[in-house]
Amino acid sequence: NGTHLQHFKVWRGDDTKGELVDYAVEVNEGEVVLDIIHRLQATEANDLAVRWNCKAGKCGSCSAEINGRPRLLCMTRMNTFAENEVVTVTPLRTFPVIRDLVTDVSFNYTKAREIPSFTPPEGVEPGEYRMQQVDVERSQEFRKCIECYLCQNTCHVVRDHEENKQEFAGPRYLMRMAELDMHPLDAHGNRAVESQEEHGLGFCNITKCCTEVCPEHIKITDNALIPMKERAVDRKYDPLVWLGNKIFRR
Ligand code: SF4
Ligand code: F3S
Ligand code: FES
């Protein structure tokens, strides 16, 4: 009838200590890992902490690691595992644990605040912004981000490297710099060179792990990080060509 018991290991603990706890949980056809976590809460682990909201892959809340792979709990179907496989669920490794599967992701909020916001050219009022469709499309892909932070959690620059967190904005926020850099009306300044000099773009050695885990399939590395690296080099050597292009495109 499509129901079986599955062996789960779920990390339980807080910021001081924790361990993997074994559970045998009922799994029904069509279920996702978040369903199983909810079943645990309803049965033998009432106080199991997990963050979630939409159960539709859109809120970005339910990020965790399943068998060591960063995933959304609500978008990981149980039929991707064999019935006799042990399914291990642990909190995101790059951020401090609050309790069980819930981590403190404030690193990302700090990084978000460090990115200078969109700066319109002087003398242009909000109602007067005009841009070409082609310029809208260029950064449209980046707007699909649901801020799940799976990319931030996965990038080896900060995963297990607490010491790099200060200097490295992470793929999600370097992508935000790219988005604004591609905006024809952004008058903030040279975002590519700034990404390199102030937000740690140079730490990225294009391993593409960020792109691999993105649930929105955003080509973070190819479409945001690599172009920004190329521009940072070009503009450093020829800042006038860049400025000319920017003015011309307006
Ligand atoms: Fe998540 Fe992708 Fe946004 Fe990174 S870029 S936070 S992986 S949706
Ligand atoms: Fe990290 Fe992605 Fe670059 S994983 S190293 S930001 S390509
Ligand atoms: Fe919203 Fe999983 S619960 S993305």
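My aim in this report is to walk through the structure given alongside it, one point at a time. (Residues numbered from 1 in each chain as written. Chains lettered and ligands numbered in written order. Predicted model: local features only at pLDDT ≥ 70, side-chain atom pairs only at ≥ 80, totals over all residues. Heavy atoms only, no water.)

## Here's the deal with the sheet that holds strand β5 (residues 87-90)
Move 1: On the basis of which strands lie adjacent, the open sheet formed by five strands has the order β2-β1-β5-β3-β4 and mixed pairing. Each edge of the sheet is formed by a strand with only one pairing partner; in this case those strands are β2 (18-27) and β4 (69-72). Averaged over all pairs of adjacent strands, the angle between strand axes in this sheet comes to 35 degrees, irrespective of strand direction.
Move 2: Both strand β3 (residues 63-66) and β4 contribute to a ladder of four bridges, which runs antiparallel. Note that in β4 the partner of S63 across the bridge is L72.
Move 3: Where helix α1 (residues 33-42) meets the sheet, its contacts fall on β1 (4-13), β2, β3 and β5, and the angle it forms with β2 comes to roughly 100 degrees. (Pairing = 2+ DSSP bridges. Helix = DSSP H or I, 4+ residues; strand = E, 2+ residues; numbered from the N terminus. Axes fitted to C-alpha atoms, helices over the stretch in contact; angles between N-to-C directions. Contact = heavy atoms within 4.5 Å.)

## Topic: the layout of surface pockets
Move 1: Considering only enclosed or pocket space, the largest pocket measures out at about 270 Å³ in volume.
Move 2: Along the walls of the largest pocket sit 16 residues, with R71, M75, V213, C214 and P215 positioned nearest its centre.
Move 3: Those elements that place two or more of their residues in the lining of the largest pocket are β4 and α7 (209-213).
Move 4: The dominant element in the lining of the largest pocket, judged by the number of residues it contributes, is β4, at four residues. (1 Å grid on protein atoms, 1.4 Å probe; cavity = no way out; pocket = protein on both sides within 12 Å on 5 of 7 lines; lining within 4 Å. Points joined across faces, edges and corners; volume = space filled by probe spheres on them.)

## Describing the environment of D135
Move 1: Position of D135 relative to the elements: it lies in helix α3 (residues 133-140).
Move 2: Measuring from C-alpha to C-alpha, the distance between D135 and M182 comes to 7.3 Å, with 47 residues separating the pair along the chain.
Move 3: Polar contacts involving the side chain of D135 include one to the side chain of R138, which spans 2.4 Å. (Polar contact = N/O pair within 3.5 Å; in protein donor to acceptor, adjacent residues only side chain to side chain.)

## Some words on the site of ligand 2
Move 1: The immediate surroundings of ligand 2 are formed by C155, H156, P171, C204, N205, I206, T207, K208, C209, C210, T221 and L225.
Move 2: Using a 2 Å cut-off from the grid points, one finds that ligand 2 occupies the second largest cavity. (Near = heavy atom within 4 Å. Sits in = over half its atoms within 2 Å of the grid points.)

## Here's the deal with the site of ligand 1
Move 1: Near ligand 1, the surroundings consist of C145, I146, E147, C148, Y149, C151, R172, M175, C214, P215 and I220.
Move 2: With respect to the detected pockets, ligand 1 is housed in the largest cavity.
Move 3: Looking at the shell around ligand 1 residue by residue, the class counts come to nine nonpolar, no polar and two charged. (Nonpolar A, V, L, I, M, F, W, Y, C, P; charged D, E, K, R; others polar.)

## Quick notes on helix α2 (residues 106-114)
Move 1: Listed in full, the buried residues belonging to α2 are F107, N108 and K111. In an axial view of α2, the angular spread of the buried residues amounts to 95 degrees, which keeps them on one side of the axis.
Move 2: Where the residues of α2 are buried, they touch α4 (150-154) and α5 (171-181). (Buried < 20%, exposed > 50% of the residue type's maximum accessible area, 1.4 Å probe, protein only. Arc of directions from axis to C-beta.)

## Side note on the environment of K17
Move 1: Position of K17 among the secondary structure elements: in the loop between β1 and β2.
Move 2: Each C-alpha atom of the pair K17 and T207 lies 32 Å from the other, and the pair is 190 residues apart in sequence.

Coordinates in, geometry out; function isn't part of it.
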